[in-house]
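As a plain string of letters, each chain reads:
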Amino acid sequence: MPSPIRPSHADAPADPVGSRRNRVLQLIVATVGVSSLLLLLTELLAARSDQQEAWVAAFLALFCALAWGLLRQGYAKYVPHLLVASTLATAVLSTLAYGSVRTAVNFLFVAAVVGAGIFLSKVELLLTLGASVLVLGLLIYAESYGWLTETPYFGVGLRVWLTYGATLAAVAIMVFYSRQRFTEVAQLQRDEIQRRQKTELDRDRQLERFARIFRSSPTPMLAQSARDGTILDVNPAFERCLHYSRNQLLGRTDVFLWARPEQRPAYVKRLRAQRRIDRMTIQALRANGVAFDALVSSEMADAREDRLIITTLQDVSEQNALLEQLRRTEDRFYKAFHLSPLDMAITRLCDGSIIELHQSEQPNPPALGQKTNQASIQAQLWADPAERERFVSQLKRDGRVRAYDCNLRRPDGSAVQTRLWAELIDLDGETCILTCAADISQEKQQQALLLEVAKGVNPQAGEALFVALTRQMAHSLGASRVLVGELRAEQRLKTLAVWSDGAPQRNAIYALPGSPWAQTLNEQGLHLRVGALAQEFPTHLPFSNRPYQAYAGVALRDQAGCAIGVLDAVWEHPQEPTPALNALMSIFSSRASAELVRLQREREIQQLNRTLERRVRERSAELSKLNAELDSFAYSISHDLRAPLRAINGFTRLLEEQIGARLDATERRLLERVLSSTGHMHALIDDLLALARVNQRDLQWQRTNLSALVHEILDQQLKAQPGRDLQRRIEPDVQVLCDPRLVRAALEHLLSNALKYSQHQPQALIEFGQTASQDGAPARLFIRDNGIGFDMAYASMLFKPFHRLHHSSDFKGTGIGLATVRRIIERHGGQIEAQSQVDQGACFYFDFGSPPKSESAP
């Protein structure tokens, strides 16, 4: 049989506990073996006749030698069993040899139990203890009945000392070993406790960190029990996302959170099978009943004591909406790209290679629409490489190019005038160019023709323009004759210009019946007739005896769409209705219509001007006569009223002197009202005379110092109000060209009003000055007071005769003063206006216009 494989020191890992245990066993085996040999030697030297103890010592020494051999061969795990068994056997044999259980060999039972308790398992310890108690019981029973030796040996000596010493030494070694083991185990337990405390502390920190992450995570999260799905906790993001509060969710299952309940069983089954779910698409339900698309990720803990499910929820409804919008945008772009009537291409900016190409159905598409080799597309496309450099530079600078006109090549090498629209776009992180191209060769030809037409007719106007237009039209169309005519009364048409046979012709008047013009005037667009025109219209004089084969005519219309004339062209060879012919006739007819409308409006304006000038002269004569009569009437009435008014006033005062003493208070008040009314009437007549005289004399323009004049008027008016506290702010040396007499009257009215309406102010203030001149306009003068002012809502009534803004009982006046002021100012060619606020004073701004050049002073 193969020998058992013993572990070697080189192969086995170092075991300090096992090594120490082997050394202790070796020490015990050595101690017991040496003691048994000494005891055997003692017994042999004693030469006793009874050698039973020697045999016991030899038996024990033999077992110690066997145990030592086992230790040396690496079978240390069997040595404790051998030592305990040999110790019990030695104890039994010694008891039999000494004849009593009361001898020193009883210590061997103790040593066997101690050895079993230290080196053997709990079951083996109990077996050893039971065997020791049973054997001792049997031996005691045998000794009590005399079954053992009749004369037990209780002597002491060297062998007793050796037995006790060896036993105590073995027990001491085992106790010491046991204490070391206990110390090591205690230290290991202390280390384990510290390790567990540290582990628990780390776990608490991890739990705290997880709790912070859980609570502060912007992603909705919830924790559930894996046993029954009960919601244990949710983070604030979950509350915000599903509109539930934390208290509404805790303790409930997640069934009510599923918008489609049939999705939940598949989710639970997959989670239990895989222990983990990553970004599963579901539909969740908010508290308000709104369903939304979401991605759910869950993980279930593997530990039996940690049956927890952590779930994150990601609301992807907005993302899905954006993706859907992106899909629709891409779909629209695809349709717009491939259904465009223009050539379109997407090319790389770096090398110009084509990524996507759409070729339109243009009859002669530009080179952009040709599917040529991508490697040579740039070399073939641009007629001028420098042009492409300018195009790319502008595109890089502005990010887009709009209506860029250039020359490109077709595949056959012919040049084509092209208009490009381009914009930089980003495709998968690469800068590309989206380009649209249109063939504008025909447009350029029409523009050149328009420029040629404009150069030919722009300098002229009126009949000269029509002559130039017919000449240019005959040249552009290759027509034999071109005519522009204006409709007249009685179905007639008067030619404004006729170009025939390379020269202008004399204008004439023709009848519309029997001519192609009658049909042209009834159509909105081009009227074209092909055939023998002289035969078709035999009564039309312009076609008589001429081989005309084609006619094209357009009605000229005004802004209201009414026909006002005709533009036509005839050829001696047939013509086809081409777009170019239609465009040219439209261009020439538009210009002819505009000029004809202008001529008709000019005639109307000239006639209106002649009529208006005549009516103005007649109306001016009537107004001059009426003004003279009105001034004469006002002067006469005012002058004729003075005599009876003086009589009434004189007789009233005479009556007051004669009977004044006999009048009571009422009669005297009535008499005073008569005198006051005659005084007011006298002032009113004076003001009327002053107003009438404003227009009865010529202006005498003189340079007048208005500052001195204002001081003089204020001094004169203050003499009638002695003790009046007045503050003046008069700008010095304000001089203007005016009629001093009339201006004095105007200033007297303005200053009188300023004094009158500021009389209730504790400190009256009157200002006079001029504002700065602006844009060449004359400087404006002003008179300002701090009186009661007026409401600007009634400012339009301020300068009308007999209109007053204050009651006559509060402030006396006739209501004619400001009307006189305005007439004086307007006679000078100036203007006057007022600005005021209630209880904030009033300010009158006025100027005297510009005097006649003959009256201007140096």
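This structure is a prediction, so every number in the text was calculated from the model and none was measured.

(A) Representation of the overall build of the protein chain within the structure. Counting secondary structure elements, the protein chain contains 21 helices and 24 strands. A burial count over the protein chain gives 38% of its 858 residues as buried. For the protein chain, long-range pairs separated by at least 24 residues make up 56% of all intrachain contacts whose partners lie at least 6 apart in sequence. Per element, the accessible surface of the protein chain, about 50,000 Å² overall, is 55% carbon and sulfur.

(B) Focus on the packing of helix H19 (residues 706-718) against helix H20 (residues 740-757). Packing of H19 against H20 leaves a shortest axis separation of 10 Å and a crossing angle of 55 degrees. For the element pair H19 / H20, the angle class is oblique. For the element pair H19 and H20, the recorded crossing hand is right-handed. Contacts between H19 and H20 pair Leu 706, Leu 709, Val 710, Glu 712, Ile 713, Leu 714, Gln 716, Gln 717 and Leu 718 from the former with Val 743, Arg 744, Leu 747, Glu 748, Leu 751, Ser 752 and Leu 755 from the latter.

(C) Focus on the sheet that holds strand E21 (residues 764-770). If you trace the five strands from one edge of the open sheet to the other, you get E19-E21-E22-E24-E23, paired in mixed fashion. Each edge of the sheet is formed by a strand with only one pairing partner; in this case those strands are strand E19 (726-730) and strand E23 (832-836). Across this sheet, the average inter-strand angle for adjacent strands is 10 degrees, counted without regard to direction. Note: E23 against strand E24 (residues 842-846), five bridges, orientation antiparallel.

(D) Here's a closer look at a nonpolar patch on the surface. On the surface, Tyr 141, Tyr 145 and Trp 147 cluster together to form a nonpolar patch covering roughly 420 Å² of accessible area. Within the fold, Tyr 145 resides in the loop between helix H5 (122-144) and helix H6 (158-216). Judged by its relative accessible area of 52%, Tyr 145 is exposed.

(E) Geometry of the environment of Asp 698. Structurally, the position occupied by Asp 698 is in the loop between helix H18 (665-693) and strand E18 (702-705). Judged by relative accessible area, Asp 698 falls into the exposed class, the value being 60%. The sequence separation of Asp 698 and Asp 739 amounts to 41 residues, and the corresponding C-alpha distance is 9.1 Å. For Asp 698, the residues in contact, after removing those within four places along its chain, are Asp 739 and Arg 827.

(F) Layout of helix H12 (residues 385-398). For H12, spanning 14 residues, the distance from its first C-alpha to its last is 20 Å, which sits close to the expected 20 Å at 1.5 Å a residue. Taken together, the buried positions of H12 are occupied by Glu 387, Arg 388, Phe 391, Val 392 and Leu 395. Considered in projection along H12, the buried side chains sweep an arc of 130 degrees and stay on one side of the axis. The exposed set on the far side of H12, more than 90 degrees from its buried face, consists of Lys 396 and Arg 397. One or two steps after H12, the chain reaches Gly 399, where phi turns positive at roughly 80 degrees.

(G) Summary view of the nonpolar core. Within the largest apolar cluster, 41 residues are counted, with the highest numbers of intra-cluster contacts made by Leu 706, Leu 747, Phe 768, Phe 844, Phe 846 and Phe 848. If one sorts the elements of this core by residue count, H20 sits on top with eight residues. Apart from the residues lying within four places of it in its own chain, the contact partners of Leu 706 are Val 734, Val 736, Val 743, Leu 747, Phe 768, Leu 781 and Phe 848.

(H) Focus on the packing of aromatic side chains. Counted by the stated rule, this structure contains nine aromatic pairs. Residues Tyr 244 and Phe 256 carry aromatic rings whose centres are separated by 5.4 Å and whose planes lie at 80 degrees to one another, so their mutual orientation is edge-to-face. Placement of the pair is Tyr 244 in the loop between helix H7 (236-242) and helix H8 (246-249) and Phe 256 in the loop between H8 and helix H9 (263-274), with a sequence separation of twelve residues. Look at Trp 258 and Tyr 267: their rings are 5.3 Å apart centre to centre, the planes differ by 50 degrees, and that puts the pair in the tilted class. Neither Trp 258 nor Tyr 267 differs from the other in exposure class; each is buried. A network of ring pairs unites the aromatic residues Phe 537, Phe 543 and Tyr 548 as a single cluster. Cation over ring: Arg 252 sits above Phe 256, and NZ or CZ is 3.7 Å from the ring centre.

(I) Expanded view of the sheet that holds strand E5 (residues 308-315). Across the sheet, five strands lie side by side as E2-E1-E5-E4-E3; this open sheet has antiparallel pairing. Edge positions in the open sheet fall to strand E2 (231-234) and strand E3 (276-285), since each of these has one partner strand only. Mean inter-strand twist for the sheet, computed between neighbouring axes without regard to direction, equals 25 degrees. Here seven bridges tie strand E4 (residues 291-300) to E5, and the two strands are oriented antiparallel to one another. Across the sheet, Met 300 pairs through a bridge with Ile 309, a residue of E5.

What counts and how
Residues numbered from 1 in each chain as written. Predicted model: local features only at pLDDT ≥ 70, side-chain atom pairs only at ≥ 80, totals over all residues. Heavy atoms only, no water. Helix = DSSP H or I, 4+ residues; strand = E, 2+ residues; numbered from the N terminus. Buried < 20%, exposed > 50% of the residue type's maximum accessible area, 1.4 Å probe, protein only. Contact = heavy atoms within 4.5 Å. Areas by Shrake-Rupley, 256 points an atom, 1.4 Å probe, with all protein chains shown as cover. Axes fitted to C-alpha atoms, helices over the stretch in contact; angles between N-to-C directions. Parallel < 35°, antiparallel > 145°, perpendicular 65-115°, else oblique. Left-handed = near helix turned anticlockwise from the far one by under 90°. Pairing = 2+ DSSP bridges. Patch = residues over 30% accessible without salt bridge, like charges linked within 9 Å, V, L, I, M, F, W, Y side chains within 5 Å. Salt bridge = Lys/Arg side-chain N within 4 Å of Asp/Glu carboxyl O. Expected span 1.5 Å × (residues − 1). Arc of directions from axis to C-beta. Core = buried A, V, L, I, M, F, W, Y, C linked by side-chain atoms within 4.5 Å. Phe/Tyr/Trp six-rings, centres within 6.5 Å; stacked < 30°, edge-to-face > 60°. Lys NZ or Arg CZ within 6 Å of the ring centre and 35° of its normal.

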